[in-house]
Amino acid sequence: MSSADTATRIVLIHATAVSIAPIRAAFEAQWPEAETVNLLDDSLSRDLNSGTVEYHEIEERILQLAVYGEKLGAGGILFSCSAFGTAIDNAKRRLPIPVLKPNEAMFEEALGRGGKIGMIATFKPSIPSMEQEFHALAEERGTSVSLESILVEEAMSALGRGELETHNRLIREACTVFAGYETVMLAQFSASQAAADVEAELGCMVLTSPHSAVKKLHGLLAGRG
């Protein structure tokens with residue numbers, strides 16, 4: 001790492017509190033010199049789930065969080081909730097600093113590997129936008145791949161109760177449908193905590209959003225300034 005790493009502030013924007021610990025662990029393992037700042041609005045996920053809040057309102061809230069993050073002196077911004085892809089795209093266009101969607105780096109790694117790819121999600125509203133984002137990126141790259149997704153909703157509920165072992169066990173039990181796949185992606189940041197269990201069960205490459213995102217951010221920002 002260069003000395004400039006110590007001056008790099010990364011603002012992390014969360015819609016669920018359970019995302020904070022996994023991304024902190026990824027930074028500690030891969031880029032401990034970076035300074036991270038956490039912004040949490042846990043009403044975003046509730047409002048998206050409720051169906052009573054117009055998406056354009058959520059999009060504006062996402063943008064304002066990103067603008068605030070830039071005002072904090074961020075060198076880059078990483079969103080950790082995977083259900084707001086189009087809203088984050090809007091923020092990416094509006095800000096002059098790197099803004100990463102939660103899964104874009106992981107998708108890039110998976111597409112680079114090719115073959116049969118599985119995705120395990122624990123938050124139902126995230127699946128349509130993530131699949132759309134994945135296939136759009138594949139089309140942009142001219143890559144033909146197979147993606148299958150499953151939902152393990154009970155795992156998120158368990159994590160919300162503080163039951164990490166139950167969360168990991170439920171994901172490990174569900175992942176067996178991906179036996180023989182080349183790559184399995186864990187969609188939510190919080191699900192990354194089950195990576196070792198999935199690797200032990202399947203013996204394939206397991207990609208997680210936070211670790212892929214930290215790797216990409218470091219490549220973009222290390223050595224600047």
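Residues numbered from 1 in each chain as written. Predicted model: local features only at pLDDT ≥ 70, side-chain atom pairs only at ≥ 80, totals over all residues. Heavy atoms only, no water.

A few words now on the sheet that holds strand β8 (residues 205-208). Across the sheet, 4 strands lie side by side as β6-β5-β7-β8; this open sheet has parallel pairing. Each end of this open sheet is capped by a strand with a single partner; those strands are β6 (146-151) and β8. With strand direction ignored, the average angle separating the axes of adjacent strands in the sheet is 20 degrees. Relative to strand β7 (residues 183-186), strand β5 (residues 116-121) is paired through 4 bridges, and the arrangement is parallel. Across the sheet, G118 pairs through a bridge with V184, a residue of β7. Helix α6 (residues 126-141) rests against β5, β6 and β7 of the sheet, and its axis sits at about 170 degrees to β6. (Pairing = 2+ DSSP bridges. Helix = DSSP H or I, 4+ residues; strand = E, 2+ residues; numbered from the N terminus. Axes fitted to C-alpha atoms, helices over the stretch in contact; angles between N-to-C directions. Contact = heavy atoms within 4.5 Å.)

Turning our eyes to something else, we now look at the sheet that holds strand β3 (residues 76-79). In spatial order, the strands read β2-β1-β3-β4; together these 4 strands make up an open sheet with parallel pairing. Because the sheet does not close on itself, it has two edges, and the strands there are β2 (35-40) and β4 (99-100). The pairing of strand β1 (residues 9-14) with β3 spans 4 bridges and is classified as parallel. Paired with I10 across the strands is G76, a residue of β3. Each of β1, β2 and β3 touches helix α1 (residues 20-30); the most contacted strand, β1, lies at about 155 degrees to it.

In terms of nonpolar packing, the biggest core is built from 25 residues, with V11, I13, L44, I62, I77, F79 and F84 touching the most fellow members. Counting only elements with at least two residues in this core, the list comes to β1, β2, α3 (55-71), β3 and α4 (85-94). In terms of residue count, the dominant contributor to this core is α3 (5 residues). Residues contacting L44, with those up to four places away along its chain left out, are A15, I58, R61, I62, L65 and F84. Counting residues in hydrophobic clusters, the runner-up holds 18 residues, among them V152, I171, F178 and V198. (Core = buried A, V, L, I, M, F, W, Y, C linked by side-chain atoms within 4.5 Å. Buried < 20%, exposed > 50% of the residue type's maximum accessible area, 1.4 Å probe, protein only.)

With burial as the criterion, each face of β3 is covered, one bearing G76 and L78 and the other bearing I77 and F79. Pairing of β3 with β4 involves 2 bridges; the strand directions are parallel. Paired with L78 across the strands is L100, a residue of β4. Remark: the β3/α4/β4 crossover connection has right-handed handedness. (Right-handed = clockwise from strand over helix to strand, strands pointing away.)

Among the 6 residues in β1, 5 count as buried, and that is most of the element. Sheet analysis places β1 next to β2, joined by 6 bridges and oriented parallel. The partner of H14 across the bridge, within β2, is L40. Regarding the hand of the β-α-β motif, the stretch spanning β1, α1 and β2 is right-handed.

This part covers the packing of helix α8 (residues 164-174) against helix α9 (residues 195-202). Packed helices, taken two at a time, are described by the angle between their axes plus the distance between the axes. With their axes 9 Å apart at the nearest point, α8 and α9 run at an angle of 30 degrees to one another. One way to sum up the angle between α8 and α9 is to call them roughly parallel. Between α8 and α9 the crossing geometry is right-handed. Between α8 and α9, the contacting residues are N168, I171 and R172 on the first element and D197, V198, A200 and E201 on the second. Partitioning the contact of α8 with α9 into residue classes produces 3 nonpolar, 1 polar and 3 charged. (Parallel < 35°, antiparallel > 145°, perpendicular 65-115°, else oblique. Left-handed = near helix turned anticlockwise from the far one by under 90°. Nonpolar A, V, L, I, M, F, W, Y, C, P; charged D, E, K, R; others polar.)

These figures capture arrangement, not role.
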